[in-house]
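What follows is each chain in one-letter form.
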Amino acid sequence: MQSKRPIPPYRIKMVEPIRIIDRKEREKKLIEAGYNPFKLHSEDVFIDLLTDSGTGAMSHFQWAALMKGDEAYAGSSSFFRLEKVVQAITGYLYVMPAHQGRGAEQVVIPALVKHPGMVFFSNIHFDTTRAHVELSGARAIDVVIPECFELDHYHPFKGNFDLVELEKQINAVKAENVAGIIMTITNNSAGGEPVSLENMKGVRKLAQAYHIPVIIDGARYAENAYFIKQREEAYRDCSIREIAKWQFDQGDIFLMSAKKDGLVNMGGLIAIKNDRHLFELCQTRIVPMEGFPTYGGLAGRDMEAMAVGLEEALDLDYLTYRIAECEYLGNRLLEAKIPIQTPVGGHAVFVDCGAMCPQIPYDQFPAQAVCNALYLEGGIRAVEIGSLLLGRDPDTSQNRQADREFMRLTIPRRTYTLEHLDYVADCLISVYQKRHELKGLAFEYESPILRHFTARFRVVT
Ligand SMILES: *Cc1c(COP(=O)(O)O)cnc(C)c1O
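Quick caveat, the model's predicted, so the values are computed rather than measured.

Procedures and definitions
Residues numbered from 1 in each chain as written. Predicted model: local features only at pLDDT ≥ 70, side-chain atom pairs only at ≥ 80, totals over all residues. Heavy atoms only, no water. Near = heavy atom within 4 Å. Polar contact = N/O pair within 3.5 Å; in protein donor to acceptor, adjacent residues only side chain to side chain. Areas by Shrake-Rupley, 256 points an atom, 1.4 Å probe, with all protein chains shown as cover. Helix = DSSP H or I, 4+ residues; strand = E, 2+ residues; numbered from the N terminus. Nonpolar A, V, L, I, M, F, W, Y, C, P; charged D, E, K, R; others polar. Pairing = 2+ DSSP bridges. Axes fitted to C-alpha atoms, helices over the stretch in contact; angles between N-to-C directions. Contact = heavy atoms within 4.5 Å. Buried < 20%, exposed > 50% of the residue type's maximum accessible area, 1.4 Å probe, protein only. Expected span 1.5 Å × (residues − 1). Domains from an automatic or database assignment. Buried area = accessible area lost by both parts, 1.4 Å probe. Salt bridge = Lys/Arg side-chain N within 4 Å of Asp/Glu carboxyl O. Parallel < 35°, antiparallel > 145°, perpendicular 65-115°, else oblique.

Looking at this model, I keep getting lost on the site of the ligand. Mind explaining?
Not every one of the 15 residues close to the ligand is listed here, only the nearest: Gln100, Arg102, Arg220, Ser257 and Lys260. Take Gly101: an N or O atom from its main chain is 2.9 Å from an oxygen atom of the ligand. The contact in question runs from an oxygen atom of the ligand to an N or O atom on the side chain of Arg102, over 2.6 Å. Considering the ligand on its own, with 380 Å² of exposed area, one finds that the protein chains cover 97% of that surface. Here the shell around the ligand gets three residues from one element, more than from any other, and that element is helix 4 (residues 101-112). Across the shell around the ligand, the residue classes break down as two nonpolar, seven polar and six charged.

So, in structure tokens, the structure goes:
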């Protein structure tokens, strides 16, 4: 018997109470937070959809594995267990843990920059990835397909590279100036939209022709593999593990925030296919930055939990429910005519707040206004992915305008139930009905970089 509602392939054996504070208190807390949900205390949040990063629930197998952590500084048996799992999944020879995704980035990305003025191409650079590219003195250029930001236009793989544009750009900057091509799977900034295997193969072919290394930024590689199985005819009957392996065949280097598809609360990974020289360089770099190469900033027990989590994230039943719950929330919002990125991606629903609140100019941050309204409505915390996040142009110091003013409702893994998501939908629908009354925000305090984390605002009246 098939149920219309997605059914989780797990049951609950440990619970963490959550509670909602009343409306008056929420108003007070939001004012204290300077109208910036990042500054709310988590105990004042009822349902926290700020991020899917490190916020998921571990399985009892992972909790059991924690007890087996070998806390040796060097040569921990927990490392060798993790190494074996990563080698089997990726087919890559060299493995190093890192404390999280950006830890892996700070070790590897500068190691690829051989001279000043080099360029990285990506479908879309994730923000910390872009930061490490720029800190290393290189430039970050995005070459995603134009359909990516046509929100109600159906495309099965909106995360894809524009291959024609990529080749044009490689020729424009000259191949010897390209430090690498970064395949972000799934494409986080575009709404967790997947990249097809066909497209990844196309990137691989170009990269080989021009002798450019390919980096897979694969925080959500398992979710990407699931979408390939679902939407790419040729791979319908293949296992997630096979598809994952083919994805890795298209790259040379794998960087991962294990806080996503590693199903752990903290951790990251570096894997290198076979470039011994690069591995040795990274081994030298990782010691002062993250730690000795067999722990990379993690406790032995963290590596044990990650080794188990990486396997669990490839489970078809798990992925089926994971993707279905995101789609479920998306469908509830679509039924109420709320504009969202479609098809819904793998880890979040992206709401187009620019379309929802045309009365609020981009530099008064419509998505931040909707996030605040959603918190007041139901104690729900979401996050702005729009012009506030984008920051100012370093040359003109003007506010840059994002393509879209998104509010991201990010779904932690194995954490909330469909009842929680129904509640989120109900609250957002109620905000949507009052959308004409929402007002913009002006800075009371703005930090020079990464302003979205610490900014304080007042409501523009
Ligand atoms: C989260 C993420 C990162 C950075 O990882 P952290 O663990 O947050 O440091 C890099 N790339 C992508 C695509 C991500 O989603």
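When you look at the sheet that holds strand 4 (residues 139-142) in this model, what are you seeing that I'm missing?
One key point about sheets: their strands pair by backbone hydrogen bonds, in either a parallel or an antiparallel sense. Taken in spatial order, the seven strands make up an open sheet running 2-8-7-6-5-3-4, and their pairing is mixed. The sheet is open, and its two edges are formed by strand 2 (94-98) and strand 4, each paired on a single side. Neighbouring strand axes in the sheet, compared pairwise and without regard to direction, differ in orientation by 20° on average. In the sheet, strand 6 (residues 214-217) pairs with strand 7 (residues 253-257) via three bridges, with the strands oriented parallel. Across the sheet, residue Ile215 finds its bridge partner in strand 7, namely Ile253. Strand contacts of helix 3 (residues 77-90): strand 2, strand 7 and strand 8 (268-272), with the helix running at about 120° to strand 2, the strand carrying the most contacts. Docked against the sheet, helix 6 (residues 163-173) engages strand 3 (119-122), strand 4 and strand 5 (178-184), running at close to 175° with respect to strand 3.

Can you walk me through helix 8 (residues 221-231) in this structure?
Side chains that are three or four residues apart share a direction in an α-helix, a result of its 3.6 residues per turn. With respect to burial, helix 8 is a largely interior element, nine of its 11 residues being buried. Listed as buried for helix 8 are Tyr221, Ala222, Glu223, Asn224, Ala225, Tyr226, Phe227, Ile228 and Lys229. Residues of helix 8 that are buried make contact with helix 3, helix 7 (197-209), helix 9 (240-249), strand 7, helix 11 (300-312) and helix 12 (316-335).

Explanation requested: helix 4 in the structure shown.
If you check helix 4, its first and last C-alpha atoms are 17 Å apart, about what 12 residues at 1.5 Å a residue would give, namely 16 Å. Buried residues of helix 4: Gly101, Gly103, Ala104, Glu105, Val107, Val108, Ile109, Ala111 and Leu112, and no others.

So what exactly am I meant to see when it comes to the domain arrangement of the chain here?
Where interface size is given, it is often the accessible area lost as the parts come together that is meant. Structurally, the chain comprises domain 1 (23-52 + 315-459) and domain 2 (60-312). If you average the C-alpha positions of domain 1 and of domain 2, the two centres end up 27 Å apart. Around 2300 Å² of area is buried between domain 1 and domain 2 when both sides are counted, 55% of it from carbon and sulfur atoms. Three residues, Leu319, Gln341 and Pro343, lead the burial of domain 1 against domain 2; their summed loss comes to 24% of the area buried on that side. Across the domain 1-domain 2 interface, the total number found is five salt bridges. Ionic pairing is found between Arg414 and Glu312, a salt bridge with its closest N-O pair at 3.0 Å. Applying the counting criterion to the domain 1 and domain 2 interface returns 15 residue pairs in polar contact (both at pLDDT 80 or more).

Quick question: what am I supposed to make of the packing of helix 8 against helix 12 here?
Two quantities define a packed helix pair, namely the angle between the axes and the distance from one axis to the other. Here helix 8 crosses helix 12 at 85°, and the two axes come no closer than 10 Å. Taken as axis vectors, helix 8 and helix 12 run roughly perpendicular relative to one another. The segment helix 8 lies against helix 12, with Ala222, Glu223, Tyr226, Phe227 and Lys229 engaging Leu316, Leu319, Thr320, Arg322 and Ile323. When the residues that make up the contact of helix 8 with helix 12 are grouped by side-chain class, the tally is six nonpolar, one polar and three charged.

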